[in-house]
Amino acid sequence: MSSLLPGPDRKLRCPWGVSTPEYLRYHDEEWGLPTADDDRLFELVCLEGFQAGLSWLTILRKRDAFRRAFAGFDLEKVARFSAREVRRLLADPAIVRHRGKIESTIANARRAIELRDEVGSLAAYFWRFEPDPASRPRRLTWATLRRMTTTPESIALSKDLRKRGWTFVGPTTVYSFMQAVGIVNDHLDGCAVRARAERARRAFVRPLP
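The structure reproduced in this document is the subject of the present report.

What counts, and at which threshold
- Residues numbered from 1 in each chain as written.
- Predicted model: local features only at pLDDT ≥ 70, side-chain atom pairs only at ≥ 80, totals over all residues.
- Heavy atoms only, no water.
- Helix = DSSP H or I, 4+ residues; strand = E, 2+ residues; numbered from the N terminus.
- Rg over C-alpha atoms; globule rule 2.2 N^0.38 Å.
- Contact = heavy atoms within 4.5 Å.
- Areas by Shrake-Rupley, 256 points an atom, 1.4 Å probe, with all protein chains shown as cover.
- Lys, Arg positive; Asp, Glu negative; His and termini not counted.
- Charge placed at Lys NZ, Arg CZ, Asp CG, Glu CD.
- Phe/Tyr/Trp six-rings, centres within 6.5 Å; stacked < 30°, edge-to-face > 60°.
- Buried < 20%, exposed > 50% of the residue type's maximum accessible area, 1.4 Å probe, protein only.
- Salt bridge = Lys/Arg side-chain N within 4 Å of Asp/Glu carboxyl O.

Some thoughts on the overall build of the chain
Each helix and strand in the chain was counted, giving twelve helices and two strands. In the chain, the order of α-helices and β-strands from amino to carboxyl end is β-β-α-α-α-α-α-α-α-α-α-α-α-α. The C-alpha atoms of the chain give 17 Å as radius of gyration, which agrees with the globular expectation for 209 residues (17 Å, within 12%). In terms of principal-axis extent, the alpha carbons of the chain reach across some 50 × 40 × 25 Å. Residue pairs at least 24 apart in sequence account for 64% of intrachain contacts in the chain once pairs closer than 6 positions are excluded. Taken as a whole, the chain presents about 10,200 Å² of accessible surface, with 51% of it coming from carbon and sulfur. Computing the positive centroid from 37 side-chain charges and the negative centroid from 26, the chain places the two 4 Å apart.

Things to note about the packing of aromatic side chains
Here the structure, examined in full by the defined rule, presents 15 aromatic pairs. On the numbers, 5.6 Å between centres and 85° between planes, the contact of Trp-16 with Tyr-23 is edge-to-face. Note on Phe-70 and Phe-73: the rings are 5.5 Å apart at their centroids and 20° apart in plane angle, and the pair reads as stacked. Taken individually, Phe-70 and Phe-73 each receive the classification buried, so the pair is uniform in this respect. Pairwise contacts between aromatic rings join Phe-42, Phe-50, Phe-66, Phe-70, Phe-73 and Phe-81 into one cluster.

Focus: helix H1 (residues 21-29)
All of the buried residues in H1 are Tyr-23, Leu-24, Tyr-26, His-27 and Asp-28. Here the buried face of H1 lies against strand E2 (12-13), helix H2 (38-51), helix H3 (56-61), helix H4 (63-69), helix H11 (171-180) and helix H12 (194-203).

Remarks on the pattern of salt bridges
Counted according to the given criterion, the structure contains 19 salt bridges. Note that Arg-67 is salt-bridged to Asp-64, the shortest N-O span being 3.9 Å. Taken together, the positions of Arg-67 and Asp-64, both in helix H4 and three residues apart, correspond to about one turn of that helix. Residue classification places Arg-67 among the partly exposed residues on the basis of a relative accessible area of 33%. We classify Asp-64 as partly exposed; its relative accessible area is 48%. When the shortest N-O distance is used, the salt bridge between Arg-116 and Asp-117 registers 3.7 Å. Residue class for Arg-116 comes out partly exposed when judged on its relative accessible area of 22%. Owing to a relative accessible area of 57%, Asp-117 belongs among the exposed residues under this scheme. Members of the salt-bridge network, linked through shared partners, are Glu-30, Arg-40, Glu-43, Arg-63, Asp-64 and Arg-67.

Following this line, the structure appears as structure tokens:
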């Protein structure tokens, strides 16, 4: 995957985005588009944590099952999960049955409510870490993106989350989350979706605390 590749409509896209139908939908309809929805932000930061050691395609294919298992990633509901729910989730073959990641999601929901109560919303918190446009690569190529697995902002966000008691939020995981929710636009130069993502970012009203 060294350059842009054509999709079914022959338009060029990021190379990973045309490798499977699931990736194509995710790439075109979600990845890199900004959001301020707290439940969706929580879902994606948790799914990025579940992805550790696995492929993102595995997570995408299990995403509906994750949503059913974790009450749509509703913060209040997940925060009330008890040992009984942990046992239920460990017995659910439709999700990734990793005790540490399951317990982390529940604990992170509780930390997320604390954070929301402190600053007003998860969105207001996460968007604080949007990088200065001047710090971004002038031209984003596949080679550049592959080298950019973390950034100063993802390192700072990871450090702050861990200080607040979050787990499975290392700087690489957090950078993938920032890409997914549009805090950065990492569609490659020449990708058919890059301009649309950038327009959405320009129109997006950054949430304030």
